[in-house]
Amino acid sequence: MRVLVTGGAGFIGSAIVTELSERGHDVVVLDTSALPGAIDGTGALRCVGDVRDPDAVRNALTGVDAVCHQAAMVGLGKDFADAPAYVSSNDVGTAVLLAAMAECGVRDLVLAGSMVVYGEGRYECPAHGVVRPGPRAAADLEAGRFEPRCPCCGGELSPGLVGEDAPLDPRNVYATTKLAQEHLGAAWARATGGRGVALRYHNVYGPGMPRDTPYAGVASFFRSSLARGEAPRVYEDGAQRRDFVHVTDVARANAVALEAVRGRAAGAVTAFNVGSGDVRTVGEMAQVLASTCDGPAPVVTGEFRLGDVRHVTADSARLRGELGWAAEVGFVEGMAAFGAVAV
Ligand SMILES: NC(=O)c1ccc[n+]([C@@H]2O[C@H](COP(=O)([O-])OP(=O)(O)OC[C@H]3O[C@@H](n4cnc5c(N)ncnc54)[C@H](O)[C@@H]3O)[C@@H](O)[C@H]2O)c1
Ligand SMILES: [Zn+2]
C-alpha cells in the first residue's frame, strides 16, 4: 500500500514512517520541515510542503491509497494570540487535505487525534455516580487542593479510565482544533463515502521527542533538567495520573489502523484511544527518569498551571478488541531507555 504521512518528519510521524517502511509499504511524506532527520534512510519519498497548499497536497497524493494525517501545530502555545496559527495549521490544513483527497478519490484516512478532546478524565462519586467536574478553581489550587471534587456534593471522587464515548470537553485552542479535525474527518467521510480512524493518543514519549520548546512534553522537560544536573520540578503534588505510551507503540497503532481502515464501514470516522493501559503518575515518571540518569531526586513544588488537567488515563479496549493492538513497551523499561539517551 502507498501511504501519505503528513507531518512525517516530526516526532510521531517519523516513527510511523519507519514502521510502515519496515512493514513493506511505500511511504510519501509531506512536511514543512526540510531538516534531515529520522526518516532519511527509510526510502520514503519526501515532499517539502504545507498541508494548507492544495498543489503540494495534490502532488503528494499521486498514487496514494491511504493518508495518515499527523501534521499539526502542537502544544499549548504562548498565549491566545496563537489561536489563528493553530486553527490555520490544524483545521484549515485538514480541510485542504480532505478536499484534495475527495478530488483525487483517496478514501482511507487515519488521523492523529488526542486525549485533550476529553478535558478532565473520568470521575466517579460514591453517591452520584459518574460526574463531570469543571475546571479547578485557582483558590483551591493555591491552597493545595488539587483533586477535583464532586460537582453535586463536593465529596471526594475516584478517577477512572476514559472511554471514547466520554463527553468531549476541549478546554484550550489546541484541544479545540484537534476535535475540529475529527469533525472535519467525519464530514468528509459522510460526503465522500470515506473511511476513517481517529487515534486519540495519550501522553506519547520516546526517542525523537521534541525538547526545550514551549511544546515539549513533560518527560522531555524532566530529562533536560536532569541533563543540566538539576532536579526535575514536579507540579502540584506529583499525583497527577497519566497514561504514558511509547512512540513505537503509537506508530504500530497507526500501521494496524492503516492496514484495517479499508475494511471499515464507509461514511464514518471512528475514534480509538491509544494508551498503554498502565496508569502512572507524573511524580513516578520523574522518579524513574531521575534514577536512570543518576540525577537528583525530583522536587515536588506545589506550583500549578491553571487549566492543567488533574487525571486523564485511557481505556484502550476498543483498539485492542477491534484492531488487535496492544502496547508492548513497558513504562519502566521505556522511560529508562528514554532517560538513558544523552540530550
Ligand atoms: N506528542 C504527543 O504526546 C501527542 C499527543 C496527542 C496527539 N498528538 C498529535 O500527534 C501529531 C504529531 O505530533 P508530534 O508530537 O509528532 O509533533 P511534531 O511537532 O514533532 O510533528 C508535527 C510535524 O508536522 C509538521 N507540520 C506542522 N504544521 C504543518 C503544516 N501546516 N504542513 C505540513 N507539515 C506541518 C511539522 O513540521 C512537524 O514535523 C499531531 O497531530 C499532534 O496533535 C501528539
Ligand atoms: Zn457527589
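From a predicted model like this one, the values you see are computed outputs, not experimental measurements.

1. Side note on the coordination of the zinc ion (ligand 2)
Within the protein, Cys125 (SG), His128 (ND1), Cys150 (SG) and Cys153 (SG) serve as the donor atoms for the zinc ion (ligand 2), at 2.1 to 2.3 Å. Around the zinc ion (ligand 2), the four donor atoms are arranged such that angles at the metal cover 104 to 114 degrees; this shape is classified as tetrahedral. Coordination of the zinc ion (ligand 2) draws on donor residues from a single chain, spaced C-x2-H-x21-C-x2-C in sequence. His128 sits in the partly exposed class, given a relative accessible area of 37%.

2. Side note on the pairing of strand E8 (residues 158–162)
Residues in a regular strand point their side chains to alternate faces of the sheet. Where strand E6 (residues 122–125) lies against E8, three bridges are found, and the strand directions are antiparallel. Note on E8: the bridge partner recorded for Glu124 is Ser158. By the bridge criterion, two bridges tie E8 to strand E16 (residues 313–314) in an arrangement that is parallel. Looking at E16, one finds that Val162 is bridged to Ala314.

3. Some points on the sheet that holds E8
Remark on secondary structure: sheet strands pair via backbone hydrogen bonds, oriented parallel or antiparallel. Across the sheet, four strands lie side by side as E7-E6-E8-E16; this open sheet has mixed pairing. A strand with exactly one partner marks an edge of an open sheet, and here the two such strands are strand E7 (129–131) and E16.

4. Topic: the packing of aromatic side chains
Here the structure, examined in full by the defined rule, presents three aromatic pairs. An angle of 80 degrees between the planes, with centres 6.2 Å apart, marks the rings of Tyr205 and Phe338 as edge-to-face. Residue Tyr205 is found in strand E10 (residues 203–205), and its partner Phe338 is found in helix H10 (residues 331–340); the two are separated by 133 residues along the sequence. Like Phe338, Tyr205 is buried. Measuring from ring centre to ring centre gives 6.0 Å for Phe244 and Phe331, while their planes differ by 35 degrees; the resulting arrangement is tilted. Of the two residues, Phe244 is situated in strand E12 (residues 241–246) and Phe331 in helix H10; the sequence distance between them amounts to 87 residues. Over the aromatic face of Phe338 sits the side chain of Arg223, whose NZ or CZ is 3.9 Å from the ring centroid.

The rules behind the values
Residues numbered from 1 in each chain as written. Chains lettered and ligands numbered in written order. Predicted model: local features only at pLDDT ≥ 70, side-chain atom pairs only at ≥ 80, totals over all residues. Heavy atoms only, no water. Donors = N, O, S within 2.8 Å, 3.2 Å for Na, K, Ca; no water. Tetrahedral: all angles 85-135°; square planar, octahedral: opposite > 155°, others 65-115°. Buried < 20%, exposed > 50% of the residue type's maximum accessible area, 1.4 Å probe, protein only. Pairing = 2+ DSSP bridges. Helix = DSSP H or I, 4+ residues; strand = E, 2+ residues; numbered from the N terminus. Phe/Tyr/Trp six-rings, centres within 6.5 Å; stacked < 30°, edge-to-face > 60°. Lys NZ or Arg CZ within 6 Å of the ring centre and 35° of its normal.

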